[in-house]
Each structure stands twice: as structure tokens, then as C-alpha cells.
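# Structure assessment
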Amino acid sequence: MEQLKLMEQDLINAICIFHARFKHVQPSDVEVELMYDDLAGYTAEAYVNGQVELYNTVNFITALRLYIDEELQRDSISARISLDIDDEEGMVANVSW
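Below: a short report on this structure.

Rules used in this analysis
- Residues numbered from 1 in each chain as written.
- Predicted model: local features only at pLDDT ≥ 70, side-chain atom pairs only at ≥ 80, totals over all residues.
- Heavy atoms only, no water.
- Helix = DSSP H or I, 4+ residues; strand = E, 2+ residues; numbered from the N terminus.
- Contact = heavy atoms within 4.5 Å.
- Expected span 1.5 Å × (residues − 1).
- Buried < 20%, exposed > 50% of the residue type's maximum accessible area, 1.4 Å probe, protein only.
- Phe/Tyr/Trp six-rings, centres within 6.5 Å; stacked < 30°, edge-to-face > 60°.
- Lys NZ or Arg CZ within 6 Å of the ring centre and 35° of its normal.
- Pairing = 2+ DSSP bridges.
- Axes fitted to C-alpha atoms, helices over the stretch in contact; angles between N-to-C directions.
- Salt bridge = Lys/Arg side-chain N within 4 Å of Asp/Glu carboxyl O.

It is worth spelling out the side chain of His19 at this point. Mapped onto the secondary structure, His19 falls in helix α1 (residues 8-23). When neighbours within four sequence positions are excluded, His19 is seen to be in contact with Val30, Ala46, Val48, Glu53 and Tyr55.

Here you go:
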């Protein structure tokens, strides 16, 4: 089984690209804060033009799938994606096919 680890910056880029597409702005116009909470799980907040939107875990994974498809040129549908916190690298996504 092939595995790939997406680092925290990749996760931020994925949310920026995903959010920018729906808000019709450039990805560089989006600011992202990644979070983990025992109750809510893995989430992200995306800020653009003074507005904030919360991405729950499901939406977060959807953004990662778009990133894998478009930026990494890989098939995200067959990928298993799990989010994790690494003590040294922060939030990461482990992807396996």
C-alpha cells in the first residue's frame, strides 16, 4: 500500500484553494487557522474579506481530496485520509492507497 504524509502547510494550502474557489477570490487572499478539539475533532477556520467560515472534519477532508486531485495529480476517491497531530510537525494528513 502506498502512503503519503501531507504536512501542515499542505493542509493550509488545501483549505485556501478550496475556500477561494467558492468565494471567487485568489487562494492567497484566504487566511486559515487549523484547530483540534476533543469534541469537534479536526477543524479549520477560513478568513476572507472579514468573514470567517468553519470547516468541520468532513469539509476538511473534502478540501484535501480536491488538493490531492488537482495539485498532486492523484486519485483521491480511492485514498484513505486520516488527520493526526504530530508532536514535531503539527497537524498532518496520512494518505494511503
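That covers the picture; the talk isn't over yet.
Since one α-helical turn is 3.6 residues long, residues separated by three or four positions face the same way. The first and last C-alpha atoms of α1 sit 22 Å apart over 16 residues, in line with the 22 Å expected at 1.5 Å per residue. Considered for burial, the residues of α1 that qualify are Leu11, Ile12, Ala14, Ile15, Cys16, Ile17, Phe18, His19 and Ala20. Just downstream of α1, His24 is the residue with a positive phi angle, here 60 degrees.

Moving on, we get to the packing of aromatic side chains. Following the criterion strictly, the structure yields three aromatic pairs and no others. With centroids separated by 4.7 Å and ring planes inclined at 50 degrees, the aromatic side chains of Tyr36 and Tyr42 adopt a geometry described as tilted. Relative accessible area serves as the criterion here: at 42%, Tyr36 is assigned to the partly exposed category. Feature note: the residues Phe18, Phe22 and Tyr55 constitute an aromatic cluster, connected by ring pairs. Between Arg74 and the ring centre of Trp97, over which it is positioned, the NZ or CZ distance is 3.9 Å.

Ordered in space as β1-β6-β5, the three strands form an open sheet in which the pairing is antiparallel. For this open sheet the edge positions go to β1 (3-6) and β5 (80-86), each flanked by a neighbour on one side alone. The sheet shows a mean angle of 25 degrees between the axes of neighbouring strands, taken without regard to direction. Judged from the seven bridges that link them, β5 and strand β6 (residues 90-96) form a sheet pairing that is antiparallel. Counted as the bridge partner of Arg80 is Ser96 from β6. The strands touched by α1 within the sheet are β1, β5 and β6, with β6 carrying the most contacts at an inclination of about 80 degrees.

What follows deals with the pattern of salt bridges. This model, assessed by the stated rule, comprises five salt bridges. With a shortest N-O distance of 2.6 Å, Glu53 and Lys23 are connected by a salt bridge. With Glu53 in strand β4 (residues 51-55) and Lys23 in helix α1, this pair connects stretches of sequence that are 30 residues apart. On the accessibility criterion, Glu53 (33% relative accessible area) is partly exposed. One connected set of salt bridges, linked through shared partners, spans Lys5, Asp86 and Glu89.

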